[in-house]
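Listed below are the residues making up each chain.
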Amino acid sequence: MKKLILAGIIGVVSTFAAADKPLIFNNGSPEVIGTSPNYVHAENDSQSSRTSPFSVAFGYAGSKLGSDDFLGTESFDGVFVNAAYQTHPKASIWAEYIFQSSEVDYNHFSVGYKYKFLENEKLYSAASLGLGYAWLDESETDPDLGKLNVELEYFTIPAALEVGYKVSPQVDMFGSFGYQWLFNEDAKVCLNGECLSGSSDELDLNGVTYKAGLRYNF
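The present account deals with the structure reproduced in this document.

About the criteria used
Residues numbered from 1 in each chain as written. Predicted model: local features only at pLDDT ≥ 70, side-chain atom pairs only at ≥ 80, totals over all residues. Heavy atoms only, no water. Helix = DSSP H or I, 4+ residues; strand = E, 2+ residues; numbered from the N terminus. Buried < 20%, exposed > 50% of the residue type's maximum accessible area, 1.4 Å probe, protein only. Phe/Tyr/Trp six-rings, centres within 6.5 Å; stacked < 30°, edge-to-face > 60°. Lys NZ or Arg CZ within 6 Å of the ring centre and 35° of its normal. Salt bridge = Lys/Arg side-chain N within 4 Å of Asp/Glu carboxyl O.

### With respect to the environment of Pro89
Along the chain, Pro89 turns up in the loop between strand E2 (72-88) and strand E3 (91-101). Judged by its relative accessible area of 39%, Pro89 is partly exposed. Between the C-alpha atom of Pro89 and that of Pro53, which follows or precedes it by 36 residues, the distance is 9.5 Å.

Below, the structure written as structure tokens:
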């Protein structure tokens, strides 16, 4: 297991014990728009030819997360799936699940709000902000320590900028780059069945996120 877990978690759990902190022991169809003198009406109609405000997106998701307490960053790669509901021609609410892995499995669920601040017939750019919950877990057998299990839980704030190309009225191809803050809510380390749990801001993480994917607009 890499230093993100061993150096960070074991070190912080040791700090818990040294500081005498409390520990818990446990195991449509397209609409054709003709020439209209009302430009605003035509523009709004042409933004979407779909009959439903729902969309689904999926693709690659990567991130680099860490902190100074973990002596560096850890890179994660995986996939995401996103469902959104358009509440306004330029705004939508969304829910997203991400699974990534490195030496450690990383799961993240979040909900949020996205706003398109630039858009034309083929290109758009948008900003999004969300709130979420993430958990990291890993199990391995160490020759010196024995069987080691680590579970971390986080409250998260993800933010991102997205740029997309409209392949068709129904399909978008897009990429995004963002930043994410993870605030530790719980940490549990088990050695050979004996467990210690607690939480500490020393286990907080942050780092960049990036995605590439396709979206289908119903």
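Additional details are given in the paragraphs that follow.
### Focus on the packing of aromatic side chains
Applying the stated rule across the entire model yields eight aromatic pairs. Between the aromatic rings of Phe76 and Tyr106, the centroid separation amounts to 5.5 Å while the plane-to-plane angle is 45°, which identifies the pairing as tilted. With Phe76 in strand E2 and Tyr106 in strand E4 (residues 105-119), the pair connects residues that are 30 residues apart, well separated along the chain. Given the relative accessible area of 1%, Tyr106 is considered buried. We note Lys211 situated over the ring of Phe80; from NZ or CZ to the ring centre the distance is 5.3 Å.

### Concerning the pattern of salt bridges
Under the definition given, this model contains six salt bridges. One salt bridge in this structure joins Lys211 and Glu96, with 2.6 Å as the shortest N-O distance. Here Lys211, found in strand E9 (residues 205-217), pairs with Glu96, found in strand E3; they are 115 residues apart in sequence, far enough to count as distant. Look at Lys211 and you get partly exposed, because its relative accessible area is 21%. The exposure class assigned to Glu96 is buried, which follows from its relative accessible area of 6%. When the shortest N-O distance is used, the salt bridge between Arg215 and Asp172 registers 4.0 Å. Of this pair, Arg215 sits in strand E9 while Asp172 is found in strand E7 (residues 171-191), placing the two residues 43 residues apart along the sequence.

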